Amino acid sequence: MQKLVIQGGRRLEGEIAVQGAKNSALPIAAAALLCDGESRLENCPKLSDVYAACRILTNLGCRCEMQENTVTVDAHGMHASEIPEQFMCEMRSSIIFLGAVLGRMGKCTLGYPGGCELGPRPINLHLQALQRMGVKIHEENGILHCTTPNGLHGARIHLQFPSVGATENILLAAVTAKGETTISNAAREPEIVDLAGYLRTCGACICGEGTGTIVVQGVKSLKGCTYRIMPDRIVAATWLAAAAATDGEICLRQVKSSDMASILDVFEEMNCRISAADNRIYLHAGKPLKAVRLMKTMPYPGFPTDAQAIMMAALCRACGTTLVEETIFENRFRHVDALVKMGADIQVAGRVAAIHGVRSLHGAAVEATDLRGGAAMLVAGLSASGETVIHDVFHIDRGYDSPEQVLQSIGAEIIRT
Ligand code: EPZ
């Protein structure tokens, strides 16, 4: 198993071009199977999750290949509608293929996506919405057999919770369904806006994405297109946190600062100096870093749950006490033990954590627990004095494209072994 070895305590300084967004590339890759002809998805990050999505597309009969950062998908030859168990276990977000396969094939068989490190990952909102659109679902031994005996039709759907995945699955089923679909209390994340942008470029009729109400008019067919995936706002937050945690100075290119307002607000509250143009962000670490009164994760445009662990790592040495409230996932403080092992002073009670700033962290051997927890250990290791070894790096590779090379380019002493 690979690991990352970091000699911490070095000030990070320099410029980084931010990778494309994993959480946009995955649903857009699924959407490509709805289209006649070829789609070229540019700015795709080289991640294990993206490779997994390509394997699913190939397994369904699509032609799918990745050259550098461009994924090409031609769904002309698609002949299957089953997503095998091993894919659902390998990547729970494979659930996002359900809506697209139903739209293209009128049926889909797939396993329940397993729970993951963040806790049970129910899909009731996905299934309830699809049933309102004419999908019949029969579950047997953990396998979902979905059919559309009378075809997919539009529906009025209200989401009890603005689920990102459910909103994406409804969009993917609605774009070629018969009639109009309205989603109220829809997720407003930038990745939803990017998916809608791709679908519209392919000929879909969508309005309201990015607001709480999205309206889709089903069209007869979609045509593949060339589309550039948006920048990854969580990876951008990670590099900013690394600079903030090492008294550093960093400039990010190819980043959409307007997607990151809630994150930048937290860095400013931490006494960092931030300046942001439309596709650049500059951060100068605060001296000293200050604790944040309350960091509460919320659906977009609130503070994103995916940035919670990363920001906690940067706050370990901030003066004062920060309260963190994780409102989205049940079990998203699994990285805390590793931070405490590195000298952080953090108490957890249910979904709330209190971080009391300490003067310094020290290196340790830790195991990445999940994707963003692993990224938090990376930030803490860069900030700690001495050597940190992060095991189970495969978690981090799901969402970060060559993290060690990116960090080396701004002065980090980090190697992958
Ligand atoms: C997406 O997951 C992201 N994944 C997650 O990023 C992100 O944390 C999450 O949105 C929230 O922003 C991808 O885009 C691939 P949800 P998703 O449906 O769609 C509950 C990362 O680190 N819920 O908005 O699964 C659910 O249990 C990953 O890149 C139901 O109860 O998130 C959770 O508590 C981690 N029933 C909450 O909603 C449902 O049917 C948010 O889930 C669906 C969700």
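Counting restarts for each chain, with residues numbered from 1 along the sequence as it is written. Since the coordinates come from a predicted model, pLDDT governs what is reported: local features require at least 70, and pairs of side-chain atoms require 80 or more to be given and counted, while whole-chain, interface and lining totals use all residues. Side-chain figures throughout are based on the complete set of non-hydrogen atoms in the structure, without hydrogens or water.

Q: Could you clarify how one ought to interpret the overall build of the protein chain in this entry?
A: Secondary structure follows DSSP: runs of H or I at least 4 residues long count as helices, runs of E at least 2 residues long count as strands, and numbering of each begins at the N terminus. For the protein chain, the helix and strand inventory stands at 14 helices and 26 strands. Our radius of gyration is a C-alpha quantity, and the globule rule it is checked against amounts to 2.2 Å times the number of residues to the power 0.38. By the compact-globule yardstick of 22 Å for 417 residues, the protein chain fits well, its C-alpha radius of gyration being 21 Å. Buried residues in the protein chain amount to 58% of all 417 residues. Any two residues whose heavy atoms approach within 4.5 Å at even a single point are treated as in contact. Here the analysis covers contacts within the protein chain between residues at least 6 apart in sequence; of these, 71% occur between residues at least 24 apart. Here the protein chain displays about 15700 Å² of accessible surface, and carbon together with sulfur accounts for 49% of that area. Positive residues here are Lys and Arg, negative ones are Asp and Glu, while His and the chain termini are left out of the count. A single reference atom marks each charge: NZ on Lys, CZ on Arg, CG on Asp, CD on Glu. Within the protein chain, the 43 negative side-chain charges are centred at a point lying 3 Å from the centre of the 39 positive side-chain charges. Burial here depends on accessible area, computed with a 1.4 Å probe over protein chains only, as a share of the maximum for the residue type. Under 20% is buried, over 50% is exposed, and the range in between is partly exposed. Surface accessibility in these figures is a Shrake-Rupley result with a 1.4 Å probe; residues are shielded only by whichever protein chains are displayed.

Q: Please clarify how the sheet that holds strand E7 (residues 82-83) should be interpreted in this entry.
A: Pairing between sheet strands relies on hydrogen bonds along the backbone, with the strands arranged either parallel or antiparallel. A strand pair is defined by DSSP finding two or more bridges across the two strands. Within the open sheet, the 4 strands sit side by side as E7-E8-E10-E9. Their pairing is mixed. If you trace the sheet from one side to the other, it starts and ends with E7 and strand E9 (136-140), each paired once. Pairing between E7 and strand E8 (residues 107-111): 2 bridges, direction parallel. In the strand pairing of E8, Ile-83 is matched with Leu-110. On the sheet, helix H4 (residues 97-105) packs against E7, E8 and strand E10 (143-147) and is oriented at approximately 155° with respect to E8. The convention used is that axes are lines fitted to C-alpha atoms, helices contributing only their stretch in contact, and that angles between N-to-C directions extend from 0 to 180 degrees.

Q: Help me out: how do you make sense of the packing of aromatic side chains in this one?
A: Between two aromatic rings, the relevant description is the distance of the centres plus the angle of the planes. Note on aromatic pairs: the rings of Phe, Tyr and Trp (six-membered ring only in Trp) are paired at centre separations within 6.5 Å, and the planes decide the class, stacked below 30 degrees, edge-to-face beyond 60, tilted for the rest. A full pass over the atoms with the stated rule returns 2 aromatic pairs. Relative to Tyr-400, the ring of Trp-239 lies with its centre 5.8 Å away and its plane at 65°, an arrangement referred to as edge-to-face. A residue pair is termed long-range when its members are at least 10 positions apart, and Trp-239 in helix H8 (residues 233-245) and Tyr-400 in the loop between helix H13 (394-397) and helix H14 (403-408) qualify at 161 residues. Each member of the pair, Trp-239 as well as Tyr-400, is classed as buried.

Q: What is the right way to read the packing of helix H1 (residues 22-31) against helix H7 (residues 190-201) from this model?
A: In helix packing, the relevant descriptors are the interaxial angle and the interaxial distance, both defined with respect to the helix axes. Orientation of H1 relative to H7, taken along the N-to-C sense of each, is 30°, at an axis distance of 9 Å. Between H1 and H7, the interaxial angle falls into the category roughly parallel. Where H1 crosses over H7, the two elements pack in a sense that is right-handed. Together, Asn-23, Ser-24, Pro-27, Ile-28 and Ala-31 of H1 and Glu-191, Asp-194, Leu-195, Tyr-198 and Leu-199 of H7 make up the contact between the two elements. In what follows, roughly perpendicular refers to angles from 65 to 115 degrees, roughly parallel to angles under 35, roughly antiparallel to angles over 145, and oblique to any angle outside these ranges. With the far helix as reference, a near helix turned anticlockwise by less than a right angle produces a left-handed crossing, and one turned clockwise produces a right-handed crossing.

Q: Is there a simple way to explain the site of the ligand in this structure?
A: For the ligand, the set of nearby residues contains 23 residues, the closest of which are Asn-124, Leu-125, Ser-163, Asp-306 and Ile-328. Any N or O atom pair separated by 3.5 Å or less is treated as a polar contact, with the protein-specific requirement of one donor-capable and one acceptor-capable atom, and with residues adjacent in sequence counted only for side-chain atom pairs. Arg-332 has a polar side-chain atom sitting 3.4 Å from an oxygen atom of the ligand. With the chains in place, 85% of the 830 Å² that the ligand exposes on its own is no longer accessible. Secondary-structure elements contributing two or more residues to the shell around the ligand are H1, helix H5 (124-132), helix H6 (164-174) and helix H12 (371-383). All residues other than Ala, Val, Leu, Ile, Met, Phe, Trp, Tyr, Cys, Pro, Asp, Glu, Lys and Arg, Gly among them, are scored as polar; the first ten of these are nonpolar and the last four charged. Among the residues making up the shell around the ligand, the classes are represented as 10 nonpolar, 7 polar and 6 charged. Here, proximity means that at least one heavy atom of the residue falls within 4 Å of the molecule or strand.

Q: Teacher, can you tell me more about the side chain of Asn-43 here?
A: Looking at the element boundaries, Asn-43 is found in the loop between strand E4 (38-42) and helix H2 (48-59). In this structure Asn-43 comes out as buried when scored by relative accessible area, which is 14%. A distance of 2.9 Å separates a polar atom in the side chain of Asn-43 from the backbone oxygen of Ile-229. When residues no more than four places from it in sequence are discounted, the contact partners of Asn-43 are Gly-20, Asn-69, Arg-228, Ile-229 and Met-230.

In short, the description is geometric, and any link to function would need to be established separately.
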